[in-house]
Amino acid sequence: MAETDVIIGLEVHCQLDTKSKLFCGCDTDYRSDGPNTHVCPICLGLPGAMPSLNKRAIEYAMRVAKALNCTVIPESEFSRKNYFYPDLDKAYQITQYDKPLAEGGYLEIESDEGGERKIRLTRIHVEEDPGRLVHMGNVERGKYSLVDYNRAGIPLIEIVSEPDLRSPKEARKFLNKLRATLEYLNVFDSDKEGSLRVDANISIVGSERVEVKNITSYKGVEKALTFEITRQKNVLRRGQRVDRETRHFLESRGVTQSARSKELENDYRYFPEPDLRPLHVQSWVKDIVLPELPDARRERFMAQYGCSLNHARTLTGELKLANFFETVVSSDPKGLSTLAATWIADTLIGELNYRDMHLDPVDPESFTGLVHLLKAGTITDKSGVEVLRVMLDQRLKNETREIPAAIVARLNLAKTAGDTGAVTTAIEEAITENPKALEDYRAGKAGALNFLVGQVMKKTRGKADPGELNRMLIEALRKREA
Amino acid sequence: MAEKSIVFEPEDRYNAFLTVCNKPPHTDGKLAGIAVAVKDNISTRGIETTCASRILKGYVPPYDAHVVGLLRKSGAAIAGKTNMDEFGMGTTTENSAFGPTLNPCDTGRVPGGSSGGSAAAIAAGMVRMALGTDTGGSIRCPAAFCGITGLKPSYGRVSRYGLIAYANSLEQIGPMGKTVTDVSTLMEVIAGYDRHDSTSHNKPYTHTPKADIKGLKIGIPAEYFGPGVDPAVAGVVKKAIGRLEELGATTVPCSIPSMEYALAAYYVTCTCEASSNLARFDGVRYGPAADTKKQWHDAYQEVRRAGFGTEVRRRIMLGTFALTSGYYGKYYAKAQVARENVRKDFQRIFDGVDVIAGPTMPTVAFKLGEKSDPLSMYLADILTVPANLAGIPAISVPCGKADGMPVGLQIMGRHFDDERVVDVAYAYEQAVI
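The sections below set out a description of the structure shown in this document. Computed from a predicted structure; not experimentally measured.

### Quick notes on the interface of chain A and chain B
Then, number 1: On the chain B side, the residues contacting the 26 residues of chain A number 36 residues.
Then, number 2: Counting residues per element, the ones that place at least two in the side of chain A that touches chain B are strand E3 (79–82) and strand E9 (144–148) of chain A.
Then, number 3: Among the residues making up the side of chain A that touches chain B, the classes are represented as 15 nonpolar, four polar and seven charged.

### Some points on the sheet that holds strand E10 (residues 250–254) of chain B
All names here are of chain B.
Then, number 1: Taken in spatial order, the 11 strands make up an open sheet running E2-E5-E4-E6-E8-E7-E12-E13-E11-E9-E10, and their pairing is mixed. In this open sheet, the two edge strands, each paired with only one partner strand, are strand E2 (17–20) and E10. When the angles between neighbouring strand axes are averaged without regard to direction, this sheet yields 30°.

### Focus: the sheet that holds strand E4 (residues 92–95) of chain A
All names here are of chain A.
Then, number 1: Pairing is antiparallel across the open sheet formed by three strands, whose spatial order is E4-E3-E15. Across the chains shown, the open sheet's two edge strands, defined by having one partner strand only, are E4 and strand E15 (271–272).
Then, number 2: Note: E3 against E4, four bridges, orientation antiparallel. For Arg80, the partnering residue across the bridge sits in E4 and is Ile94.

### Topic: the nonpolar core
Then, number 1: Formed by 254 residues in total, the largest nonpolar core has its most connected members in A:Ala61, A:Val64, A:Ala200 and B:Val36.
Then, number 2: Considering each element in turn, this core owes the most residues, nine residues, to helix H6 (residues 259–277) of chain B.
Then, number 3: Apart from the residues lying within four places of it in its own chain, the contact partners of A:Ala61 are A:Leu16, A:Leu101, A:Ile124, A:Val126 and A:Ile157.
Then, number 4: Among the nonpolar cores identified, the runner-up in size contains 12 residues, and A:Val423, A:Ala437, A:Leu452 and A:Leu469 belong to it.

### Side note on the packing of H6(B) against helix H8 (residues 310–323) of chain B
Residues and elements named next belong to chain B.
Then, number 1: At their nearest, the axes of H6 and H8 sit 7 Å apart, and the two run at 95° to each other. Accordingly, the angle class assigned to the pair H6 and H8 is roughly perpendicular. On H8, the residues touching Val268, Thr271, Cys272, Ala274 and Ser275 of H6 are Arg315, Ile316, Leu318, Gly319, Thr320, Ala322 and Leu323.
Then, number 2: Residues of the contact of H6 with H8, tallied by class, amount to seven nonpolar, four polar and one charged.

### Concerning the environment of A:Ala422
Then, number 1: Mapping A:Ala422 onto the fold places it in helix H12 (residues 420–433).
Then, number 2: Separated by 38 residues in sequence, A:Ala422 and A:Thr460 place their C-alpha atoms 7.5 Å apart.

### Considerations on helix H10 (residues 381–396) of chain A
Residues and elements named next belong to chain A.
Then, number 1: Taking 1.5 Å per residue, 16 residues should reach 22 Å; H10 reaches 22 Å between its end C-alpha atoms and fits that length.
Then, number 2: Of all the positions in H10, only Ser383, Gly384, Val387, Leu388, Val390 and Met391 are classed as buried. Each buried residue of H10 lies within a common arc of 160° when the element is viewed along its axis, so the set occupies one face.
Then, number 3: Along its buried surface, H10 packs onto helix H8 (333–355), helix H9 (364–376) and helix H11 (404–410).
Then, number 4: Immediately beyond the C-terminal end of H10, within one or two residues, lies Asn398, with a positive phi of roughly 60°.

Criteria and thresholds
- Residues numbered from 1 in each chain as written.
- Chains lettered and ligands numbered in written order.
- Predicted model: local features only at pLDDT ≥ 70, side-chain atom pairs only at ≥ 80, totals over all residues.
- Contact = placed C-beta atoms within 7 Å.
- Helix = DSSP H or I, 4+ residues; strand = E, 2+ residues; numbered from the N terminus.
- Nonpolar A, V, L, I, M, F, W, Y, C, P; charged D, E, K, R; others polar.
- Pairing = 2+ DSSP bridges.
- Axes fitted to C-alpha atoms, helices over the stretch in contact; angles between N-to-C directions.
- Core = buried A, V, L, I, M, F, W, Y, C linked by C-beta atoms within 7 Å.
- Buried ≥ 20, exposed ≤ 12 C-beta atoms within 10 Å, placed from the backbone.
- Parallel < 35°, antiparallel > 145°, perpendicular 65-115°, else oblique.
- Expected span 1.5 Å × (residues − 1).
- Arc of directions from axis to C-beta.

As structure tokens, this is what we get:
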């Protein structure tokens, strides 16, 4: 799909990882507790309760504003967004409307063509999360719905981008970069379920804009946008018009669905929140000390560890991964960095994704042990992968965990360097069993040698040192020729 | 501290109370054992709080308003919850879902509102002091009509935390009492900063009223004695001001041109805020429950239609309309400009005078049922709303009678100069005793 004609803007809502809620002292760590246990008169919107602002949440939001090069506005204010819904305890959400905390700014992402591209931001504002409904059955045909106000009052920031994104892939990159930045700033925990929600505005050049709401995962963004672009292009191809509308993304089915027209008629009747005073926090900006951010760390990884651009990008794309890498190489930065970068950015990530497994449970010390074994030439790359798989599976199945050296010993994976006996036998067997390959080799076909290497590796269960094997195999073939 | 209690079993002939606490507990302190009545829009832990509305029938708050906590700490005994116009919307206490309160001075007349229950309870001698709330005159009007004293404090002087909001930017909780001293004493207990109310200020009130007003300059705004003000009432108030002059004060004529827009600015602001504040009453969390078998929006409509009285519904609709996109600039934004003009007018006048004096209400208490159309009722607030728009302190102190009914003298002061308006009221009270 040629996507030069696609225009995408995102509105990203992120929960700020504060200890207490935005307008009351309730603990934000509600996910493992029962419904309606993290509530008080304020976040339940009981009659007479008033909000009092959590300064830490504002400070967190300002860290983000500074990191994203935004301008903090000298006077910002909170407004009420009025609408009825059972999860909204006060029947209005305290948010920011015409005087947001910060405006402007940008985030750099890797463009689809390679190189960096600045995605401009419109604004960042602070608001409270509503509670949530739990539908018994499904929304349409469920018997009833229950409401849980634990989430009500969790601080959110909404980051609004300009319509600068050109493809679903770029949107995904934007989100990944944003997530990394927020994590580096220590204001956001992407592991928490529902901590990020995205609304997307999508249009085909010259056509109406459609807002897709309710995207709740990183993968979902790419899926929803891809679906919506195809839908809009099909509409246009049929010679019809794309309606300006709001659609919901149904994550389970991977489709967007037109929102009922009733919801479109919402007039939020914004007006300034009379119970809170305007914010004058611009002077805080200078006191905010930013930590090293993803771009800076990527450059450092290239300079300090000699990482390739791709490896550095992958490793610094997640705070935990970057920290993991630096822990692993800390014992011998010079010796281990190249090997560790490859083994983490390529092998480990691949194996984790395959298992749908998180990095957290991987013990950096064990992993370092594995890299040391590879570095010392004790095991081959192929055996290394096998050891890693055992390590991850033990972790996943909650079995007794062995150190890499123990796995190598138990599975007899040590490289058979010097043990010409086993390798020689295997070589002889391989050549004898594959006369066609011998013939091809003699005929000068390059693939024949590789085929035979593969056969020998199979017989030695990968323990043969690849360099040594190559040398021995060529020698054996030369002998046969004689 | 040993738990004590008093016996409170008044004969409530005026329907002043919605809830009576017969054996209210109390501790030691400044108000030890004194029965204090609390308007029913102020949250009281464990005591039903309805705002005189069916929509909150049965609602028992799990927490105390900040001022109620302060009352309890001061040793006061919470004697009960007083009747009011539903959610504070009214000037007569006739808009109560639980029947009107009668004026103890003449049971054929209204006690004023919206804090009519508190005023009547004091006027009838059931309690010495009570808490009221004043959004556009709701403390001062019933104080004037019932012949007692009531103070609307400066905006920010008393925490609103726990006051069930009607119009947040205008209203204050304030003391009402038989005498200025009672009002001052109660003010001392309730004033001060509260971290739960971001609009409250660290301005505690520790003051003993002083009767010396020699050299005091009093502004007399022409608008407070103009058309619409009952000449009999104006006459009584002028005489009272003459009394203040005898005590050594001088008067300065002045004018508040912005008053022309004050009433409109007031009603736009309060209805807008109310439409948002009252949206939470949906039957999901408290009050009479919504029908869970219906679609939520149908259930909401049903609960709200049945739960709110006519005046409340009228104001919600007015406010909803005024905030609708496209009308915001025409109404709400304009009202804020008018409000700023009122504030500036007061500032200008206070450059030359210490306080401003005039009648609290343009008339004496209405007869029950007399004000049947809403607009003529709204017009009765003309002399009280300017103080709310400007956020300044204003007190009403009894100053005689017209047609046999009490008349209130209103003293307004600079923002946070609550002590001064109390002193002037005290000087008058002491002079006429």
